[in-house]
Structure formats: C-alpha cells, structure tokens
Amino acid sequence: MQHPAAANPLRTLDIFCHVYDNYGDIGICWRLARQLAHEHGIAVRLWVDDLVSFQRIWPEVDPSAEEQQVAGITVRHWPSLDGAYTAADIPDIVIEFFGCELPPAYVEAMARREVKPLWFNLEGLSAEPWVEGCHTLPSPHRSLKLTKHFFFPGFNERTGGLSFEADLDARRQAFLHENQAARFLQSLGMTPQERQGLKVSLFCYDYAPVPELFAAWQASPVPITCLVPEGVARETMESFLGTTMQAGAAATHGALSLRVLPFVPQTDYDKLLWSCDVNFVRGEDSFVRAQWAGKPFVWNIYKQDKNLHHTKLNAFLKIYDPATPALIEANRAWNGASQGDVDWAASWRALHAELPALTAGAEQWQHKMLANGDFIANLLRFARRLVVEAP
Ligand code: TRH
C-alpha cells in the first residue's frame, strides 16, 4: 500500500492574502511565500488583492499584472483572476491568511480533488493565553468534505512560534560586524553628525502621541536622530519640518534631528531596524522584525474596537521578559493605555537610562524566541503529521 505521504508530497502551495489595511498583511504573506519557496523548495502561488501596497514594500512588483513571477514566486492578482477552477488547479496546501474568504468556486474545486489539500487559516499574532487553546484546532467545512486547521504564530512552544529565515541571524551579524550600518545609513542620506546621535526609527499610526514625544526629545541631554518613513505621522512631521514631508527633508530643533526617509523595500527596512538604537514599530510585521533586530522597541499596536488592542498590548508586556517599568509605561503611554496623565519628558528619561539593559534583554529574548522554532518550519511539520495521520 502507498504511504499517505507519497499521495500528498506537499510540493505545491497557494497563499491567499486580502489586504485589510496598510502593509502588514502583504508584508507577512510575502515573507512566508519567500521562505516556503526558497527554504523548502515549494512551488508557491501568492494571490493578493492589492498589488499597489505590495509594490511599496517590494518595488519589483508590477501593479498592473494579472500574473507575474517575482523572486521565484507566482504572484496572481486576486480577484481579477477569480474564475472557474478544476481539481487540477488545486495545490497540496492552501493557506488563507487572517481568515480571508477563499473564492467559493475554488473551495468547491478543493473538495473535488482526489487527495484533499491541507487547508490552513494562518491567524494574527497575540500573546493572549486563549491562543494556545485554539492553535491547530480543526474546523470541518459545513457541507463539503474538507477540514481547515487554525495555525497561530506566538511566543512559546504551544503556538507556531514566530517566522524567521534560516540565514536571518547570520545576515544581521555580518551586517553589524562588517560595519555596514554606517554605509547603509549614509545611503539613506544621514550625515556623519546625525549618525553620532542616538538613532531612532519611527513607524507608527496617526493616533500615537508623536508631538509629546518630540517635545521630550527636543529637550534631551543627548542628541537624537529620528528616521521616519515618508507619510508617517505627517501632520507632526510637517509642523516640525516647517515644510512638506518628503523623502530627504530634514530639520533640527533642540536636541532632535528629524530625517524623512523614502519608504524602503522590505529587506532594507530590516536593515534600518538593525542599524538603530531604538525602534518604534507598529502593527504585526515590523513588531516581529524589531524583536529579530535584538534592539529595544516601543510598539504601536493596531487599533481595535472596545480597546481590545490594550488587552493585546498588556498580554505581550506581561510575557516580554526584558520589560522594565519604564518600558511598560512608555508602551502604554504610546498606545493611550496609561492610567493617568503621561509626563513624556520623565518617561523618556527613564527609558533612555534603561537602554543598555533593554538592549541586552532584547538579545536574550531573541534567543528565547528562536528556540520555539521557525513558524513556517513548524507549520510544515504539522502539515506532514496531518498527512501521516490522515484516515
Ligand atoms: O503597515 P502595518 O500597519 O500593517 C498591518 C495592517 O494594518 C494590517 O491590516 C493589520 O492587521 C496589521 O498591521 C496588524 O504595519 P506592519 O504589520 O508593521 O507592516 C508594515 C510592513 O511594511 C512590514 O512588512 C515592513 C514594511 N515596510 C517596508 O517594507 N518599508 C518601509 O519603509 C516600512 C516603514 C515598512
């Protein structure tokens, strides 16, 4: 009798990505797609409904192409390619990201495939304890002979872990030890004098209290250089710059120098995080990449109704080992989750004093997260187990 793994060798895979907002949805899917193809030799098709956002993080993408090859991956514009499907169109694995709904005709074709595809819903990242109970749960289709499994990223071995490329640490170490950071920052327009200051990258939502933080930074006893991508916190940036916010614009007031960066390709954004002393990040993908940068970070969480994001933020701060009272307070204040009034000058002073300890802690945290294994490798291990255990 044929071994079940021979019937489903897991060589082909579709990822469906609906861009709800901004760049995180496609940012995460694109990293996953590249890892699946480049590290696991899987033939990946990425279906995405917003090629314009995709092009912003990966300039090689043609926003007008229905189908294109990018970095060895087939990228399809969905829903312009949403049509009729046969069982032969269906790969070994189907991934829907963040519960985006697959085209009904596609799901019907999945059910017609002789060897059913493995179907996963990849969920969002949260440190809340309920995640562990839902990770890998099956969800049978209400009418078709198909089962979808939930797969959650997370911060411990009872979840799927966080995704990281096999060569990520080696690339970061080489970048730092070969002193590439200075050249990289110079290529972004930073002057040698600006590079002397405390280097901070700033990527946040409009609701973050940037004016208050900027006031604290201007009064800082040490010079600070803030690098901000074009378009982020535009109102505050333009009032500080006294002109339109565009890449290359720069201004200094008090101890704070501000430099506006172009929105860089995703691989360069990683380098930016590695090059700075502190990173202000947001959403999900930059939040995870800040952890892989091994540097202190402050997280601006994606806003949710009924302040659900505060619950999520506090759940993370509870499990983040390096967190000190100053880091916890700064994160809460940055997200409007503080109990009382916030004194940003005092908050920043306290955080600044703790930076050396937070940097050491961030490196340790990184090792702890690496020990949970890579999210994609964990997903494929689970997929193989499902194949072997299939009735
Ligand atoms: O852009 P984000 O706010 O994205 C998301 C989405 O809003 C999504 O709907 C929501 O579910 C999620 O947040 C929580 O933030 P995020 O997740 O950090 O994604 C940003 C992506 O953009 C990330 O892949 C890094 C990339 N990026 C670049 O490639 N170049 C840049 O210059 C910058 C600043 C970011």
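Residues numbered from 1 in each chain as written. Predicted model: local features only at pLDDT ≥ 70, side-chain atom pairs only at ≥ 80, totals over all residues. Heavy atoms only, no water.

The name recorded for the protein chain in an unreviewed UniProt entry is Protein-arginine rhamnosyltransferase, from Herbaspirillum frisingense. Under the UniProt heading Catalytic activity (unreviewed entry), the entry covering the protein chain gives this text: "dTDP-beta-L-rhamnose + L-arginyl-[protein] = N(omega)-(alpha-L-rhamnosyl)-L-arginyl-[protein] + dTDP + H(+)". Annotation of the protein chain in UniProt includes, under Sequence similarities (unreviewed entry), the sentence "Belongs to the glycosyltransferase 104 family." (UniProt positions renumbered as here; feature names shortened; annotations may be inferred.)

1. As for the environment of Ile319
You can see Ile319 is positioned in helix α13 (residues 308–319). Placed 192 residues apart in sequence, Ile319 and Ala127 show a C-alpha to C-alpha distance of 7.4 Å. Those residues in contact with Ile319 that sit more than four places away from it in its chain are Ala127, Phe155 and Trp365. (Helix = DSSP H or I, 4+ residues; strand = E, 2+ residues; numbered from the N terminus. Contact = heavy atoms within 4.5 Å.)

2. Examining the environment of Leu273
With respect to the element layout, Leu273 can be found in helix α11 (residues 266–275). Measuring from C-alpha to C-alpha, the distance between Leu273 and Phe297 comes to 9.5 Å, with 24 residues separating the pair along the chain. When sequence neighbours within four positions are dropped, the list of residues in contact with Leu273 reads Ser201, Asn279, Val281, Ser286, Arg289, Ala290, Ala293 and Lys295.

3. Some remarks on the sheet that holds strand β5 (residues 93–97)
If you walk across this open sheet you meet the eight strands as β3-β4-β2-β1-β5-β6-β8-β7, and the pairing is mixed. Either end of the sheet is taken by a strand with one partner, and the two such strands are β3 (67–70) and β7 (138–140). Put simply, the sheet's adjacent strands are angled 25 degrees from each other on average, direction ignored. Judged from the four bridges that link them, strand β1 (residues 12–17) and β5 form a sheet pairing that is parallel. For Asp14, the partnering residue across the bridge sits in β5 and is Val94. Sheet contacts for helix α17 (residues 375–389): β5, β6 (118–122) and β8 (147–151); angle to β6, the most-contacted strand, approximately 145 degrees. (Pairing = 2+ DSSP bridges. Axes fitted to C-alpha atoms, helices over the stretch in contact; angles between N-to-C directions.)

4. Things to note about the pairing of strand β14 (residues 297–300)
In β14, alternate side chains face the same way, and those of Phe297 and Trp299 on one face and Val298 and Asn300 on the other are all buried. Of the pairings in the sheet, the one linking strand β13 (residues 278–282) to β14 comprises four bridges and is parallel in character. By the bridge assignment, Phe280 is partnered in β14 with Val298. What joins β13 to β14 is helix α12 (residues 285–293), and the crossover it makes is right-handed. (Buried < 20%, exposed > 50% of the residue type's maximum accessible area, 1.4 Å probe, protein only. Right-handed = clockwise from strand over helix to strand, strands pointing away.)

5. Thoughts on the packing of aromatic side chains
Counted under the stated rule, the structure contains 39 aromatic pairs. Pairing Tyr85 with Tyr106 gives two aromatic rings, centres 5.2 Å apart and planes at 85 degrees, and the pair type is edge-to-face. Pair noted here: Tyr85 is in the loop between β4 (73–77) and β5 and Tyr106 is in helix α4 (residues 104–112), with a separation of 21 residues, a long-range link. The residues Tyr85 and Tyr106 share a single accessibility class, namely buried. Both rings, one in Phe175 and one in Phe184, keep their centres 6.0 Å apart while their planes meet at 75 degrees; by these two values the pair is edge-to-face. Here Phe175 and Phe184 have matching classes, each one buried. Taking NZ or CZ as reference, Arg56 lies 4.3 Å from the ring centre of Phe263, over its face. Over the ring of Tyr207 we find Lys303; its NZ or CZ atom is 4.7 Å from the centre of that ring. (Phe/Tyr/Trp six-rings, centres within 6.5 Å; stacked < 30°, edge-to-face > 60°. Lys NZ or Arg CZ within 6 Å of the ring centre and 35° of its normal.)

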